[in-house]
Each structure stands twice: as structure tokens, then as C-alpha cells.
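Spelled out from the first residue to the last, the chains are:
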Amino acid sequence: MDDIPPNVPQLLAAAKRWFDDALHNSMRHSGEQPVTVGQAAVFASLDAAGTSVAELARRIGTTRQSVHQAVHGLIGMGLLEQVPDPTSARNRLIRVTEEGARVHHKALRTIEAIESELAARIGHDAVTALRAALDQPWGDPPLIR
């Protein structure tokens with residue numbers, strides 16, 4: 001079975017790990033507090049006005065408990081805060097603090113630099129084609145019988 005080439009989901013997962021490792025190591029090397037992949041996913045899923053834990057869990061595709069744990073770690077680091085939801089007295093929203101916004105913008109700039117490094121390694125045309133393929137509407141997931 002070792003001679004079976006990796007399938008697309010395996011290749012996508014490996015590429016995601018490569019980006020996650022590059023971002024994590026780069027941010028840590030520049031003196032930022034290390035965040036987990038789950039915590040980074042929370043940042044990537046937040047709305048500017050704030051997002052509920054339940055909505056974050058839906059967007060990330062994980063449990064509310066996992067998101068709750070990631071959020072509270074980020075609150076402890078001073079990167080996120082909880083605020084009352086103006087549309088519901090029962091809910092609270094999670095939003096980025098000023099420090100969190102600074103770190104998030106730095107992470108976005110770092111991702112741009114990582115993408116540039118990838119283009120230098122595999123070619124600008126390959127990265128452009130990869131972006132174009134991933135940006136196409138794929139439609140609803142198929143049901144294969």
C-alpha cells in the first residue's frame with residue numbers, strides 16, 4: 001500500500017500543516033505568544049463586531065467546548081474579549097482586542113510572506129493556478145453511492 005500516491009484530501013491536509021507550521025514558527029520567532037492551530041482558526045473565523053462561540057464552532061467545524069477552550073486561552077493572552085450581545089441578553093460575543101488586532105494583522109502579513117516564499121519555491125504560475133482552483137465554486141459536496 002506504500003506505493004499508492006496521496007489523494008487530494010491528504011495533499012490538502014499536508015499543505016495546511018505546512019502553512020500552519022510556517023506561520024506558528026515565524027510568529028514565535030518574531031516574539032509573539034504562540035497560539036495553537038485551533039486558536040488560529042478562531043481568529044480566522046471572527047466577525048469584526050464579534051461572533052458567538054456557537055457560530056465559531058459551526059464555522060470551524062468543531063464542538064463548542066473546543067472553541068470555548070481556545071477562546072478562553074486567547075482571552076487569557078489578552079487577544080480576545082467577551083462582550084454582551086446587543087441582540088440577545090443571553091448571548092455573549094467574542095471579539096478581538098486591540099492587541100489581538102495587532103497580532104492578527106501581523107499574522108496576515110506573515111501569511112503573505114509565506115505565500116511569496118511558496119511561489120519562489122514552486123513557481124508563481126503554480127501558486128496562481130492553485131489559488132484559482134481552490135477559489136472556484138465547488139458546489140454542494142457530492143453524495144457518492
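Placed above this text is the structure.
What this report covers is the structure whose coordinates are included nearby. One numbering rule holds for all chains: residues counted from 1, following each sequence as written. Selection of residues for local features in this predicted model requires a pLDDT of at least 70, selection of side-chain atom pairs for listing and counting requires 80 or more, and totals for whole chains, interfaces and linings are taken over all residues. The side-chain numbers reported here are obtained from all heavy atoms of the structure, hydrogens and water having been left aside.

## With respect to helix α3 (residues 53-60)
Buried, partly exposed and exposed residues are distinguished by accessible area as a fraction of the type maximum, computed with a 1.4 Å probe on protein chains only: under 20%, between the cut-offs, and over 50%, respectively. For helices the rule is a DSSP run of H or I covering at least 4 residues; for strands it is a run of E covering at least 2, with both sets numbered from the N terminus onward. Regarding α3, the residues found buried are V53, L56 and A57. The arc enclosing the buried residues of α3, seen along the axis, measures out at 100°, which places them on a common side. The criterion used for residue contact is that any of the two residues' heavy atoms lie within 4.5 Å. Looking at the buried side of α3, the elements it contacts are α2 (37-45), α4 (64-76) and β2 (88-96). Immediately beyond the C-terminal end of α3, within one or two residues, lies G61, with a positive phi of roughly 85°. It is the directions from the helix axis to the C-beta atoms that the arc portrays.

## Details of the side chain of K106
By the element assignment, K106 lies in helix α5 (residues 98-122). By the criterion applied in these results, polar contacts are pairs of N or O atoms within 3.5 Å in which, for protein atoms, one can donate a hydrogen and the other can accept it, and in which residues neighboring in sequence qualify only through two side-chain atoms. Engagement of the side chain of K106 in a polar contact is seen with the side chain of S30, the distance being 3.0 Å.

## Looking at the nonpolar core
Within the largest apolar cluster, 20 residues are counted, with the highest numbers of intra-cluster contacts made by V42, L56, V67, V71, L74, L80 and I94. The element contributing the most residues to this core is α4, with four residues. Apart from residues lying up to four places away in sequence, V71 is in contact with V42, L56, L80 and I94. The criterion is simple. A nonpolar core is a set of buried Ala, Val, Leu, Ile, Met, Phe, Trp, Tyr and Cys residues joined through side-chain atoms within 4.5 Å.

## Concerning the pattern of salt bridges
A pair is scored as a salt bridge if a Lys or Arg side-chain nitrogen falls within 4 Å of a carboxyl oxygen belonging to Asp or Glu. Taken as a whole, this structure holds 10 salt bridges when the rule is applied. The partner of R59 in a salt bridge is E55, and the shortest N-O contact between them spans 2.9 Å. Of the two residues, R59 and E55 are both situated in helix α3; the distance of four residues between them amounts to about one turn of the helix. A relative accessible area of 35% places R59 in the partly exposed class.

## So, the pairing of β2
A pair of strands is considered paired only if DSSP assigns at least 2 bridges between the two. Pairing analysis gives six bridges linking strand β1 (residues 80-85) to β2, with the strands arranged antiparallel. Following the sheet pairing, Q82 is matched in β2 by I94. The antiparallel pairing of β1 with β2 creates a hairpin that spans two residues between the two strands.

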